[in-house]
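Letter by letter, the chains look like this.
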Amino acid sequence: MSPRSPTSSPPDRPSGSVKTAAELRERGLIEPGELIAVERVVARFAATITEELVELINPDDPDDPIAAQFVPRAEELTLAPEELADPIGDEPHTPVPGITHRYPDRVLLKPLHVCPVYCRFCFRREVVGPGTGVLAEAELEAALAYIREHSEIWEVILTGGDPLVLSPRRLGALIAALDAIEHVRVIRIHTRVPVVDPRRINDELLAALAVASAVYVVLHCNHPRELSARAAEACARIVNAGVPMLSQSVLLRGVNADADTLEALFRRLVELRVKPYYLHHGDLARGTGHFRTTIETGQALTRALRGRVSGLCQPTYVLDIPGGHGKVPIGANYIEQDGQIADINGELHEYPPHAEEP
Ligand SMILES: *Cc1c(COP(=O)(O)O)cnc(C)c1O
Ligand code: SF4
């Protein structure tokens with residue numbers, strides 16, 4: 001392990017990472033025969049893996065679930081006709097740069113398009129990357145002005161990119177600016193940092209989160225092996241600072257699309273005081289077909305989980321409808337066509353027999 005201290009890392013960069021095909025080869029993460037295809041992949045879709053994650057990968061396991069999520073592969077060059085550049089339709093709901101306003105009471109604010117790692121299944125893979133930078137000062141001002149002018153906005157969701165890549169100083173200033181807007185009552189931050197670069201969760205960053213009273217952190221995490229001792233400690237620091245944590249996961253073939261893995265993931269998150277919030281069906285991002293399951297597979301998994309783990313461990317299985325129509329729950333349905341209710345064993349029951357509204 002390298003002798004980095006939490007405060008010595010440069011403000012806008014993860015502490016050490018692997019980016020190019022040559023570096024991936026050097027670290028034994030790809031085979032020599034993959035080099036040319038992977039060079040083509042990384043020319044099209046950004047790739048970065050933090051040292052933290054490289055240490056978690058077992059190079060002898062061809063099916064390693066961490067490698068599957070972050071190591072670029074030739075399969076990404078296969079584009080399916082149904083795949084889209086903007087799979088969840090953010091673009092039509094972008095009134096000013098950096099803002100996505102699809103639901104009346106909440107907006108996404110994307111202060112930057114940089115991430116500490118680039119997930120191979122990313123739904124924003126056509127817009128995120130190291131060259132895409134941060135919102136210019138004037139653009140950020142315009143985005144804040146938009147939020148100020150729209151008094152129906154109750155919640156601001158910081159996403160990107162990964163907002164915790166911002167320096168604590170800039171993040172704190174942004175949270176303070178949002179907190180100063182009277183109608184903004186809740187600030188939510190979507191991030192992968194506690195898992196992929198846990199050293200960034202230092203005192204300065206925690207102080208920045210504490211600037212506003214209702215800040216939630218939503219951790220993006222897909223496999224229990226991501227939750228290393230250091231990741232667990234980073235989550236504990238956030239929760240102990242009074243910031244509630246939720247998680248979101250993506251259902252991914254070859255990573256977590258089986259009941260045992262999902263059970264272990266959600267149990268571990270709840271043990272760390274992180275409440276599983278959403279399990280996303282894989283979006284139709286380009287070159288991600290090898291990760292996608294069918295909706296039927298996802299529904300069967302939610303049904304299996306319902307029977308075997310605590311309600312605390314049950315996220316809502318959701319689909320972001322392509323074209324910008326928003327997210328809807330698509331989990332198992334327990335009400336049969338004739339009004340009977342299926343229990344977790346599939347047995348049908350009447351409820352309540354012959355009852356009608358008065
Ligand atoms: C997902 C999303 C949200 C947040 O939705 P919740 O269901 O509140 O988590 C808000 N705005 C946009 C544009 C989104 O895609
Ligand atoms: S952290 Fe989020 S935005 Fe960044 S590459 Fe992964 S899925 Fe995409």
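Residues numbered from 1 in each chain as written. Chains lettered and ligands numbered in written order. Predicted model: local features only at pLDDT ≥ 70, side-chain atom pairs only at ≥ 80, totals over all residues. Heavy atoms only, no water.

(A) Geometry of the overall build of the protein chain. Regarding its fold elements, the protein chain presents 11 helices and 13 strands. Against the compact-globule benchmark of 21 Å for 358 residues, the protein chain has a radius of gyration of 21 Å, which places it among compact chains. The principal-axis extents of the C-alpha atoms in the protein chain amount to approximately 65 × 55 × 40 Å. Considering the protein chain as a whole, with its 358 residues, one finds that 50% of them fall into the buried category. When contacts within the protein chain are restricted to residue pairs at least 6 apart in sequence, those whose partners lie at least 24 apart make up 76%. By element, 54% of the accessible surface of the protein chain is carried by carbon and sulfur atoms, the whole surface being about 16,300 Å². For the protein chain, the distance from the average site of its 36 positive side-chain charges to the average site of its 50 negative ones is 5 Å. (Helix = DSSP H or I, 4+ residues; strand = E, 2+ residues; numbered from the N terminus. Rg over C-alpha atoms; globule rule 2.2 N^0.38 Å. Buried < 20%, exposed > 50% of the residue type's maximum accessible area, 1.4 Å probe, protein only. Contact = heavy atoms within 4.5 Å. Areas by Shrake-Rupley, 256 points an atom, 1.4 Å probe, with all protein chains shown as cover. Lys, Arg positive; Asp, Glu negative; His and termini not counted. Charge placed at Lys NZ, Arg CZ, Asp CG, Glu CD.)

(B) Expanded view of the site of ligand 2. Cys-115, Val-117, Tyr-118, Cys-119, Cys-122, Arg-192 and His-220 make up every residue found near ligand 2. Comparing atom positions with the cavity grids shows ligand 2 to sit within the largest pocket. For the shell around ligand 2, the residue count by class is five nonpolar, one polar and one charged. (Near = heavy atom within 4 Å. 1 Å grid on protein atoms, 1.4 Å probe; cavity = no way out; pocket = protein on both sides within 12 Å on 5 of 7 lines; lining within 4 Å. Sits in = over half its atoms within 2 Å of the grid points. Nonpolar A, V, L, I, M, F, W, Y, C, P; charged D, E, K, R; others polar.)

(C) Fine view of the layout of surface pockets. Space inside the largest pocket adds up to approximately 820 Å³. Together, 42 residues line the largest pocket, and Phe-123, Arg-124, Thr-159, His-190 and Gln-248 are the ones closest to its centre. Residue assignment for the lining of the largest pocket shows that the elements contributing at least two residues are β3 (99–103), β4 (106–109), β6 (186–191), β8 (245–250) and β9 (274–280). Classifying every residue of the lining of the largest pocket gives 19 nonpolar, 12 polar and 11 charged. (Points joined across faces, edges and corners; volume = space filled by probe spheres on them.)

(D) Just the UniProt feature "binding site: [4Fe-4S] cluster" (unreviewed entry) in the protein chain, in detail. Under the local residue numbering, the UniProt record ascribes the feature "binding site: [4Fe-4S] cluster" (unreviewed entry) to Cys-115, Cys-119 and Cys-122. Within this annotated set, the largest cavity is lined by Cys-119 and Cys-122. Of note, Cys-119 is situated in the loop between β4 and α5 (137–149). Taking the relative accessible area as the measure of exposure, Cys-119 reaches 12% and is therefore buried. Not counting chain neighbours up to four residues away, the residues in contact with Cys-119 comprise Gln-69, Phe-70, Arg-192 and His-220. As for its position among the elements, Cys-122 is in the loop between β4 and α5. Residue Cys-122 is classed as buried on the basis of its relative accessible area, which comes to 14%. Discounting chain neighbours no more than four positions away, the residues touching Cys-122 are Val-128 and Ala-285. (UniProt positions renumbered as here; feature names shortened; annotations may be inferred.)

(E) Geometry of the nonpolar core. In this structure, Leu-109, Ile-147, Leu-158, Leu-178 and Leu-209 are the most contacted members of the largest nonpolar core, which totals 89 residues. If we ignore the near neighbours within four places in the chain, the residues touching Leu-209 are Leu-164, Leu-171, Ile-175, Ile-189, Val-215, Val-217 and Val-243. (Core = buried A, V, L, I, M, F, W, Y, C linked by side-chain atoms within 4.5 Å.)

(F) Representation of unusual backbone geometry within the structure. Geometrically, the link from Gly-160 to Gly-161 is a cis peptide bond, its omega value of 10 degrees lying close to zero. If you trace the backbone, Gly-161 turns up in the loop between β5 (155–158) and α6 (168–179). For Arg-273, which is not glycine, the phi torsion reads 65 degrees and is therefore positive. In this structure, Arg-273 sits in the loop between α10 (259–271) and β9.

(G) Inspection of the side chain of Thr-288 at higher detail. On the secondary structure map, Thr-288 appears in the loop between β9 and α11 (295–308). A polar atom in the side chain of Thr-288 sits 2.6 Å from the backbone oxygen of Ala-285. Dropping the residues within four chain positions of it, Thr-288 is found in contact with Glu-83, Arg-120, Phe-121, Arg-125 and Asp-283. (Polar contact = N/O pair within 3.5 Å; in protein donor to acceptor, adjacent residues only side chain to side chain.)

(H) Examining the packing of aromatic side chains more closely. Counted according to the given criterion, the structure contains two aromatic pairs. With a centroid separation of 5.6 Å and an interplanar angle of 80 degrees, the aromatic rings of Phe-121 and Phe-291 are classed as edge-to-face. A residue pair is termed long-range when its members are at least 10 positions apart, and Phe-121 in the loop between β4 and α5 and Phe-291 in the loop between β9 and α11 qualify at 170 residues. Judged by its relative accessible area of 8%, Phe-121 is buried. Here Phe-291 falls in the buried class, since its relative accessible area comes to 4%. Centre to centre, the rings of Tyr-277 and Tyr-278 are 4.0 Å apart; their planes meet at 25 degrees, and the pair counts as stacked. (Phe/Tyr/Trp six-rings, centres within 6.5 Å; stacked < 30°, edge-to-face > 60°.)

(I) Highlighting the site of ligand 1. Taken together, Thr-100, Arg-102, Tyr-103, Arg-106, Leu-108, Ile-157, Arg-188, Tyr-277, Tyr-278 and Lys-327 make up the full set of residues adjacent to ligand 1. Taking Tyr-277, its side chain carries an N or O atom lying 2.6 Å from an oxygen atom of ligand 1. Taking Tyr-278, its side chain carries an N or O atom lying 2.5 Å from an oxygen atom of ligand 1. Protein contacts shield 91% of the accessible area of ligand 1, which totals 390 Å² for the unbound molecule. Given that more than half its atoms are within 2 Å of the pocket grid, ligand 1 belongs to the largest pocket. Those elements that provide at least two residues to the shell around ligand 1 are β3, β4 and β9. Split by residue class, the shell around ligand 1 holds five nonpolar, one polar and four charged.

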